[in-house]
2 protein chains.
Amino acid sequence: MSLDAVLARIDDDLPAATERLLDLLRIPSISTDPAYKADCDRAADWLVRDLSELGVEVSKRPTPGHPMVVGHVGDSGPHLLFYGHYDVQPVDPLDLWDNDPFDPQIEETPKGTVIRGRGSSDDKGQLMTFVEALRAWKNVKGDWPCRITFFLEGEEESGSPSLVPFMKENADELKTDIALICDTGLFESRTPAIVTMLRGLLGEELTITGPSLDLHSGMYGGIAMNPIRVLSQIIASLHDETGRITIPGFYDGVPELSDELEAQWQGLAFNHQKFLEDVGLSEPAGEQDRTPLEMIWSRPTCEVNGIWGGYTGDGFKTVLPSRAHAKISFRLVGTQDPLAIRENFRAMVSEMLPPDCEVSFAPHGASGASGADFSDPMFEAARKALSDEWNIPAAYIGCGGS
Amino acid sequence: MSLDAVLARIDDDLPAATERLLDLLRIPSISTDPAYKADCDRAADWLVRDLSELGVEVSKRPTPGHPMVVGHVGDSGPHLLFYGHYDVQPVDPLDLWDNDPFDPQIEETPKGTVIRGRGSSDDKGQLMTFVEALRAWKNVKGDWPCRITFFLEGEEESGSPSLVPFMKENADELKTDIALICDTGLFESRTPAIVTMLRGLLGEELTITGPSLDLHSGMYGGIAMNPIRVLSQIIASLHDETGRITIPGFYDGVPELSDELEAQWQGLAFNHQKFLEDVGLSEPAGEQDRTPLEMIWSRPTCEVNGIWGGYTGDGFKTVLPSRAHAKISFRLVGTQDPLAIRENFRAMVSEMLPPDCEVSFAPHGASGASGADFSDPMFEAARKALSDEWNIPAAYIGCGGS
């Protein structure tokens, strides 16, 4: 089979490919810090040069932030978009690094040989596996396997502010049959997998106001409704005793797993017990009769991410606070509608308020879940390729959140 | 009646008495700040000198902190102890003062003539009313009305660390038939009253631990029990729907009001509505069928004074925290036993913990309620004197907390 020559070429080229990756890793392209603006630009230039040498029609495209790198090759067959990002996270605290984060080292570890350096696993390493695969193909076959659009950004680690505007402005150019994204986690180092489901996220901040000012609990204790108590009652009522979320209509659009996915996930032999033990737990706390894997990938959640009110310093102050606050987030699946859930949540909270209490809300994002329709034959082709290469059946998996 | 001459003398002496008080108010005896140690000493010296001139056998007595002023007069009749304090609170923020806090001013205000300066109403003003009353008596009568022990401290505003040790060391000297304490609030500026009940205070801080470290809610949301949720359930369960506190045995030792006190308190015509409106409320939130006055003075409470956990800064972080914390206090009445309540509270919380969660407690004080047995005829004598002077019936009242 003709792929064997390409795979052999990849193996032969490993030392040179590694050198190229190390070269890219040495560029401190920290997108969130303006001090590294020229380095982000340099990383984009590096990619443009490397892809040009490979024969890609590629250019650096300006945005209000860091540039996009966009390239095209091929003129027949299915059209595939490849997304990756060349920017990295800040490196502090520096004293937790054994080496300069931008002087990457190849090290032998109990997990095997690793490259230790900022960006090696997020996302320059993944990005270059795709480039190197194509390089080998091109060198062996002299042409491209299909039409491919490269779409590499430099703002992923700082919230991708230019991404959607750029995609809208260049919608025709970026429209393809399918997109490959190399920026989710590895499920488990020995099991190949394709992420086809990503949970959505809805955030709400709420402030309960009771009395109009902070009071002395010796004077008003018992008499003035304490907003911490009201907030606690609201939070306590968001789940029933079986772990289900009580907001009206919350489970509208939550699908049950298909038999096919259920079988695949069971086949992963995920170690639920170790997953819990790693963080000091022995029993899953969520909905009854759901496995942890199912809960992470395919069930919605409601979590309090922060709560505060009254005196929180050392010692004691017998204040009866005027206000209490919480930040609450929901992970969404299937076709759950974030805006409908926001509305139902706010209505439920408002209905629970006792006399003299008020609530105000602040929204923090509202994105529905993403799911790929993997009945498309390209998914099975990809899964087969992964399974063949790893010699372990690849699975379609979910991702709890990005 | 011979008291008239004494009262007339007090009126005649008002300008000189006011000058003496202003002189004492000018001493910045801030007990909590070591920079004012010499000033605290100076205030004690001032009192020793003033009482000596009046003929009291008085001395400044050292403690590990600021000195006590102890004096004795009289050799027959009932033995009365008079307690007051010469230290004051810090004065910051200074920009909220119209004048130098230690340059006291006599001002006409909508409330009448007032002395504006630090310590004028806590506690130098009250302290000097007692001294001036005795001065007038002595000057008119040439002798003392009864045996009197003066006991004036300089650490009340910084927690009175030397008070109990000093009282224990000098128990015989300080033992009297009755004590007058001039350091509670005025119930209402037109109504004389004697505080005979002071609620006790029990403080508890609790920390709920769930997972052994902070987690990403995209990975562990729904699966790992969120300690904020556990804490909220505990707080929500501390009151039932009628406002009663649910801790087992909590109401043991809570007395019902006597008919006499109930009648006196109703006679005060306390404006419950205004009391609530002043802080933006319209309905009392505590136990049903209790008036706010009854709740403040004679009913126990359970309040959350502080709560915190997870991310509380700007924006959003989808953390699932390992820990959540609360500070909870109880106001106690009658013969409620703080240590039994602490034990029952801790047992109740521990029983509510779901699997994998732990709780730790830190105590913050435990003092039972104080109550005077006002069947002693001296109480009625004092109440009659107050009623006569004000020409309004004086009441025995409570105090929600000090």
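Sequence order as written defines the numbering, with residues in each chain counted from 1. In the order they appear in the text, chains get letters beginning with A and ligands get numbers beginning with 1. Side-chain atom pairs in this predicted model are given and counted only at pLDDT of 80 or more, local residue features only at pLDDT of at least 70, and totals for whole chains, interfaces and linings cover all residues. Note: side-chain values were computed over all heavy atoms of the structure, leaving out hydrogens and water.

Undergrad: Looking at this model, I keep getting lost on the side chain of arginine 383 of chain B. Mind explaining?
TA: Residues and elements named next belong to chain B. Secondary structure is summarised from DSSP: a helix means a run of H or I of at least four residues, a strand means a run of E of at least two, and numbering begins at the N terminus for each. Topologically, arginine 383 is positioned in helix H13 (residues 377-390). Nitrogen and oxygen atoms within 3.5 Å of one another constitute a polar contact, given that in protein one can donate a hydrogen and the other can accept it, and given that sequence-neighbouring residues count only through two side-chain atoms. In terms of polar contacts, arginine 383 uses its side chain to reach the backbone carbonyl oxygen of alanine 394, at 2.5 Å. Contacts are assigned to residue pairs that have any heavy atoms within 4.5 Å of one another. Beyond its immediate chain neighbours, meaning those up to four positions away, arginine 383 contacts Ile194, Gln264, Ala394 and Tyr396.

Undergrad: Explain the sheet that holds strand S8 (residues 193-198) of chain B to me, please; I cannot follow it from the model alone.
TA: Residues and elements named next belong to chain B. For two strands to count as paired, DSSP must find a minimum of two bridges between them. With respect to topology, three strands assemble into an open sheet ordered S15-S8-S16, the strand pairing being mixed. Of all strands in the sheet, those with a lone pairing partner are strand S15 (370-371) and strand S16 (395-399), marking the two edges. As judged from the two bridges shared by S8 and S15, these two strands associate in the antiparallel manner. Bridging across to S15, leucine 198 finds its partner in serine 370. In this analysis an axis means a line fitted to C-alpha atoms, helices contributing only their contacting stretch, and an angle means the value between N-to-C directions, from 0 to 180 degrees. Against the sheet, H13 engages S8 and S16, with an angle of about 140 degrees to S8.

Undergrad: Sorry if this is basic, but what is going on with the nonpolar core here?
TA: Looking at soluble globular proteins, one finds that nonpolar side chains tend to be buried together. Membership of the largest hydrophobic core comes to 62 residues, with the highest contact counts inside it found for Ile328 and Phe330 of chain A together with Ile328 and Phe330 of chain B. Not counting residues up to four positions away in its chain, the partners in contact with isoleucine 328 of chain A are Leu202, Gly203, Glu204, Leu206, Leu238, Cys302, Glu303, Val304, Asn305 and Phe345 of chain A together with Phe316 of chain B. The set of buried Ala, Val, Leu, Ile, Met, Phe, Trp, Tyr and Cys residues whose side-chain atoms join them within 4.5 Å is what this entry labels a nonpolar core. Working definition: with a 1.4 Å probe on protein chains only, accessible area under 20% of the residue-type maximum means buried, over 50% means exposed, and in between means partly exposed.

Undergrad: How do you make sense of the domain arrangement of chain A when you look at a structure like this?
TA: Annotation comment: domain bounds sourced from an automatic or database domain assignment. On domain assignment, one finds that chain A holds domain 1 (3-183) and domain 2 (200-254 + 300-367). Centre-to-centre, using C-alpha coordinates, domain 1 of chain A lies 42 Å away from domain 2 of chain A.

Undergrad: I keep staring at the pairing of strand S6 (residues 147-153) of chain B and nothing clicks. Help me out?
TA: Regular strands have side chains that alternate between both faces of the sheet. Residue and element names in this part refer to chain B. For S6, a buried count of six out of seven residues is recorded, marking the element as mostly surrounded by other parts of the structure. Strand direction decides the pairing type here: strand S2 (residues 68-73) and S6, joined by five bridges, are antiparallel. Its bridge partner being in S6, histidine 72 is matched across the sheet by threonine 149. Looking at chain direction, strand S3 (residues 79-85) and S6 are connected through seven bridges and run parallel. The residue bridging phenylalanine 82 from the neighbouring strand is phenylalanine 150, located in S6.

Undergrad: It is not clear to me how the packing of helix H2 (residues 14-25) of chain A against helix H4 (residues 124-141) of chain A should be interpreted in this structure. Could you clarify?
TA: A pair of packed helices can be characterised by two numbers: the angle between their axes and the separation between those axes. Residue and element names in this part refer to chain A. Two elements in contact, H2 and H4, have axes separated by 10 Å at closest approach and are oriented at 145 degrees. At the point where H2 passes H4, the crossing takes the right-handed sense. Only Lys124, Gly125, Met128, Glu132 and Arg135 of H4 make contact with H2, whose side of the interface consists of Ala17, Arg20, Leu21, Leu24 and Leu25. The handedness criterion is simple: a crossing whose near helix is rotated anticlockwise from the far helix by less than a right angle is left-handed, and one whose near helix is rotated clockwise is right-handed.

Undergrad: Explain H13 of chain B here, please?
TA: Within an α-helix, residues lying three or four positions from one another point in the same direction, as the helix has 3.6 residues per turn. Residues and elements named next belong to chain B. The terminal C-alpha atoms of H13 lie 20 Å apart, and with 14 residues this matches the ideal 20 Å at 1.5 Å per residue to within 8%. Looking at the buried positions of H13, the neighbouring elements they touch are strand S7 (178-181), S8, helix H9 (259-267) and S16. The opening residue of H13, the one whose side-chain oxygen lies 2.8 Å from the backbone nitrogen of methionine 378, is aspartate 376. Downstream of H13 by a residue or two, asparagine 391 has a phi angle that is positive, lying close to 60 degrees. A helix is expected to reach a length of 1.5 Å times the quantity of its residues less one.

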